[in-house]
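# Inside the fold
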Amino acid sequence: MDALTTQIHFLASTADEAGRKQIIEQLRDLSFSLEQPADVVQRLAHRHLEIAMVRVGIDLRIFELLAEKEGEVGLDELVRETGAGRGLVARILRYLLSMGLIAEFGVERFAATNVTKALAGRGAQAMIYHNFNNLGPIFQALPEFLAKHKYQDVTELTNTPFQVAFNTPDPVFVYFSKHPEKLVHFNEYMAARRQGMDTWLSVFPSELVENAKSHKEDALFVDMGGNIGHQCADFKARYPEVKGRVVLQDLPYAIDMALKTEGVENTVHDIFTPQTVKGARFYYLRAVLHDWPDAKCQEILRNIIPAMGEDSRILLDEMVLPETKVHWEAAQVDITMMVSTAACERTRNEWEKLLESVGLVVEGVWTYTPSVYESVMLVKKK
Ligand SMILES: C[S@@+](CC[C@H](N)C(=O)[O-])C[C@H]1O[C@@H](n2cnc3c(N)ncnc32)[C@H](O)[C@@H]1O
């Protein structure tokens, strides 16, 4: 077994990202194939507990305390640093260890693993908080919601498990506009989620940006629904010399928190109103259309088209799902979109149909993540 493990570690260390993910999937399937029915139940039935305990670990800074040290950390030190009860800390550590989230070196001696270090990161922590605090109650409401609606497609923005969970008639973004404090973690996660990883900027042909015939006063890049402006900042950093305005657009609650990046204009704009920046080279929307059902996407796109000049292109930075064998990371985001905004992730066919319905066509697609199929689509008027 040890020799096999060494070999697998070697294979993974020499594989590219797609290969590494494939190894993880094969090992998962191998592990599942060894399970008896009782193992399956034990693995699945306590899934809620895992994220609750990870949140507790984050609240107590356990992952950071372990990750900050090079070597082992004793139970007494963790008790002292967290200020929590000794018995409680010991039980939390026992659970985290049993789930493979930290390492143990003998009695009451603990250390960080690569998983611990990941959970010590701000972006990962923000995602855990958002999923536990905001998505948790929605997932809890899902089974009864579906039963009540006789398992029909979820298509109405104001009739999803989200409204049940948050006891509101408002659609998600209206609700969060009124409760911006609930989105702090989400915004932080959105900003951090691709740090150090490939983004659309890694795969999109740079000549299409560099050859833009922009003047200083023309708009080069308009990031619609750009949240707090991390994509604008990345774009500016990647193309510091290219002339043209870089404009961030979002709702007031996001713009109020926006980064102040030199050369980026932070502006309030509602995607359901006509685009006011005319003739921009690129209207960029990342993970925006996946928040909306088709009819709403059509509305968003129809509000951009009149502003487009001959050279204008829409850049959709979204998942493009394959027709078969969708990876679980993508499938879980698809369900998350359904339960909160009656929206979905789309296949290439579905994207093309949606775009065609408003007179747009896909000119090119560049994919930059193997498991979630994140891709940038270059879109023009027909
Ligand atoms: C899933 S987030 C994506 C954020 C950003 N594009 C990214 O990829 O990091 C969707 C964004 O759409 C924004 N949004 C929602 N409704 C909007 C509206 N009516 N007008 C403008 N922005 C909106 C939200 O505030 C949020 O920042």
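Residues numbered from 1 in each chain as written. Predicted model: local features only at pLDDT ≥ 70, side-chain atom pairs only at ≥ 80, totals over all residues. Heavy atoms only, no water.

The name given to the chain in an unreviewed UniProt entry is S-adenosyl-L-methionine-dependent methyltransferase, with Hyaloscypha variabilis as the source organism.

## Structural notes on the packing of aromatic side chains
Summed over the entire model, instances satisfying the criterion amount to 17 aromatic pairs. Three or more aromatic residues joined by ring pairs make a cluster, and in this case those are Trp 200, Phe 204, Phe 221, Phe 235, Tyr 239, Phe 282, Tyr 284 and Trp 366. One cation-aromatic arrangement involves Arg 346 over Trp 351; the distance from NZ or CZ to the ring centre is 5.1 Å. (Phe/Tyr/Trp six-rings, centres within 6.5 Å; stacked < 30°, edge-to-face > 60°. Lys NZ or Arg CZ within 6 Å of the ring centre and 35° of its normal.)

## As for unusual backbone geometry
A positive phi angle, close to 55°, is found at Tyr 151, a residue other than glycine. As for its placement among the helices and strands, Tyr 151 is situated in the loop between α9 (122–148) and α10 (161–166). (Helix = DSSP H or I, 4+ residues; strand = E, 2+ residues; numbered from the N terminus.)

## Digging into the packing of α9 against helix α18 (residues 328–341)
Direction vectors running N to C along α9 and α18 enclose 85°, while the axes themselves pass 10 Å from each other. Between α9 and α18, the angle is such that the two are roughly perpendicular. In this structure, α9 contributes Leu 135, Ile 138, Phe 139 and Leu 142 to the contact, and α18 contributes Thr 336, Met 338, Val 339 and Ser 340. (Axes fitted to C-alpha atoms, helices over the stretch in contact; angles between N-to-C directions. Parallel < 35°, antiparallel > 145°, perpendicular 65-115°, else oblique. Contact = heavy atoms within 4.5 Å.)

## A short note on the site of the ligand
Around the ligand, the surrounding shell holds 18 residues, and the nearest of these are Gly 225, His 230, Asp 250, Tyr 253 and Arg 286. In the complex, 97% of the free accessible area of the ligand, which totals 590 Å², lies under the protein chains. Partitioned by chemical class, the residues of the shell around the ligand number nine nonpolar, five polar and four charged. Here the shell around the ligand spans two domains, since at least three of its residues come from each of domain 2 (130–191) and domain 3 (197–381). (Near = heavy atom within 4 Å. Areas by Shrake-Rupley, 256 points an atom, 1.4 Å probe, with all protein chains shown as cover. Nonpolar A, V, L, I, M, F, W, Y, C, P; charged D, E, K, R; others polar. Domains from an automatic or database assignment.)

## Notes on the pairing of strand β4 (residues 219–224)
For β4, the tally of buried residues reaches six of six residues, placing the bulk of the element in the interior. Bridge count for β4 against strand β5 (residues 245–250) is five bridges, and the pairing is parallel. Pairing of Val 222 across the sheet is with Val 247, part of β5. Once the chain exits β4 it traverses helix α15 (residues 230–238) before rejoining the sheet at β5, and the crossover so formed is right-handed. (Buried < 20%, exposed > 50% of the residue type's maximum accessible area, 1.4 Å probe, protein only. Pairing = 2+ DSSP bridges. Right-handed = clockwise from strand over helix to strand, strands pointing away.)

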